[in-house]
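# Coordinate analysis (summary)
These are the residues of each chain, in order.
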Amino acid sequence: MNLFRRAAVGAAAVAIGGLLATTAPAIAAPAAPSPALAAPDLPLANVKAHLTQFQSIASANGGNRAHGRPGYKASLDYVKGKLDAAGFTTTVQQFTSGGATGYNLVADWPGGDPNKVLMAGAHLDSVSSGPGVNDNGSGSAGVLETALAVSRAQLKPAKHLRFAWWGAEELGMVGSRYYVNNLPTTERSKVSGYLNFDMIGSPNAGYFVYDDDPAIEKTFKDYYAALSVPTEIETEGDGRSDHAPFKNVGIPVGGLFSGAERAKSSAQAQKWGGTAGQAFDRCYHSSCDTTTNINDTALDRNSDAIAHAVWTLGTDTPVPPGDAYENTTDVAIPDNGAAVTSTVNVAGRTGNAPAALKVDVDIRHTWRGDVVVDLLAPDGTAYRLKNSSSNDSADNVIATYTVDASAETANGAWKLRVQDVAAQDTGYLNGWKLTF
């Protein structure tokens, strides 16, 4: 995980695109999707074996696996070799940042609906000061072992599955940003969700779930609820990892996080164990982020949660969209001013609104953390879609929210209310849509 917040990321030259290597799939594409299946229990020993390899690679290459250093490319080669042998189609994408060549690794599992792509990813690079076993060997290993489990199960997903390992995240999400920026608009629209895993084995672990997309968030929360493990909404890493470039272009995102440099509170220690007043990861961005800097229980649970999400979201047959009502008129949002509204009139329906009313929002804004968004039902009842956040430095609010509006009459004037609650940044409502 990188340290970039509100300050603009330094202008890293991101240049040379293209495919460095491509390997054809070793197995035939599945003909039909599997029914919804329970995810396998990933062997912890397998996940830790990947971490041991990352540690060995760092030890043999100057103590790190950083962008532009030989340890990064050796890590990528290790992951690629595993995936090639398991029957994935692997692509190495090359870019340039800070005068050094960087690489993304993308692996596609054959089959599934090519118009519905579920992605899971993690950054593979470390900082230059250490081997980066927790940050982010842990996420990289969990995603790798999930991909290998897909191969072992010969899974026939409803959605097309794609896994990714990003380069130069520690320099400001350079690799993932390059991938998204070079993905044609038509291909972006096919990505139904991106799942991000950046630090999942912190030694003084917490259990944090991204709250960006409701369906993805619920998938992870249901998994932990079944284990009777309480979770909290992830805030420490908002805008600081590889989900941000996807979210910025309107792709639904979610993920897991076990904590970085913030201290664990007494309340968190009471419900999760560990040491109050101590950082979730005392070795964050340090030379001591080695294989001894891992909480096995957290690594095991979170790796299994990755598999659970891929199986759950990847094998579910997509539900056809319902009737949509839209307003595309631009509405200026005053800087640190009064709330503005936009109206969608719904007519000709019977009964109440659905329990899963979808609200698509497109707000163009230079600092999305300033923006508060509410859905107003015809009777004036407000449903909070998005709170403000001083840590959310990304541009724009392009997202789909799900609201339980079953207590509301369907017909009437529905409103989207938007307010900018802090100074210095501006924007406008580009449009919004209700889908029943």
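Above this text is the structure in question.
What this report covers is the structure whose coordinates are included nearby. (Residues numbered from 1 in each chain as written. Predicted model: local features only at pLDDT ≥ 70, side-chain atom pairs only at ≥ 80, totals over all residues. Heavy atoms only, no water.)

### Thoughts on the packing of helix α1 (residues 44-59) against helix α9 (residues 296-315)
Running from N to C, α1 and α9 point in directions that differ by 110°, and their axes come no closer than 10 Å. If you check the angle between α1 and α9, you find them roughly perpendicular. Only Asp 296, Leu 299, Asp 300 and Ser 303 of α9 make contact with α1, whose side of the interface consists of Leu 44, Val 47, Lys 48 and Leu 51. (Axes fitted to C-alpha atoms, helices over the stretch in contact; angles between N-to-C directions. Helix = DSSP H or I, 4+ residues; strand = E, 2+ residues; numbered from the N terminus. Parallel < 35°, antiparallel > 145°, perpendicular 65-115°, else oblique. Contact = heavy atoms within 4.5 Å.)

### A closer look at the pairing of strand β10 (residues 324-327)
Here β10 shows a buried face lined by Tyr 325 and Asn 327 and an unburied face lined by Ala 324 and Glu 326. Here β10 runs beside strand β18 (residues 427-435); their pairing, made up of four bridges, is antiparallel. Bridged to Asn 327 within β18 is Trp 432. (Buried < 20%, exposed > 50% of the residue type's maximum accessible area, 1.4 Å probe, protein only. Pairing = 2+ DSSP bridges.)

### Quick notes on unusual backbone geometry
With an omega of 5°, the peptide bond between Asp 135 and Asn 136 qualifies as cis. Within the secondary structure, Asn 136 is located in helix α3 (residues 133-153).

### Points about the nonpolar core
Proteins that are soluble and globular tend to have nonpolar side chains buried together. One finds Val 79, Leu 83, Phe 163, Trp 165, Leu 195 and Phe 197 to be the most contacted residues of the largest nonpolar core, which totals 64 residues. At nine residues, α9 tops the list of elements feeding residues into this core. Residue contacts for Phe 163: discarding those within four places in its chain leaves Phe 88, Leu 105, Val 106, Ala 107, Ala 120, Val 143, Thr 146, Ala 147, Val 150 and Val 310. (Core = buried A, V, L, I, M, F, W, Y, C linked by side-chain atoms within 4.5 Å.)

### Re the state of the cysteines
Considering all chains together, one arrives at one disulfide under this definition. Cys 283 shares a disulfide with Cys 288; S-S distance 2.1 Å. Its S-S torsion of about -115° marks the bond between Cys 283 and Cys 288 as left-handed, since a negative value means left-handed. By relative accessible area, Cys 283 is classed as buried at 12%. (Disulfide = S-S within 2.5 Å.)

### With respect to α3
Counted residue by residue, α3 has 19 buried out of 21 residues, so it is predominantly covered. Looking one or two residues past α3, Gln 154 carries a phi angle of roughly 45°, positive in sign.

### Considerations on the packing of helix α6 (residues 214-226) against α9
For the pair α6 and α9, interaxial distance at closest approach is 10 Å and the crossing angle is 130°. Comparing the axis directions of α6 and α9 gives the class oblique. Crossing handedness for the pair α6 and α9: right-handed. For the pair α6 and α9, contact is made by Ile 216, Thr 219, Phe 220, Tyr 223 and Tyr 224 and by Arg 301, Asn 302, Asp 304, Ala 305, His 308, Ala 309, Thr 312 and Leu 313, respectively. Residue composition of the contact of α6 with α9, by class: seven nonpolar, four polar and two charged. (Left-handed = near helix turned anticlockwise from the far one by under 90°. Nonpolar A, V, L, I, M, F, W, Y, C, P; charged D, E, K, R; others polar.)

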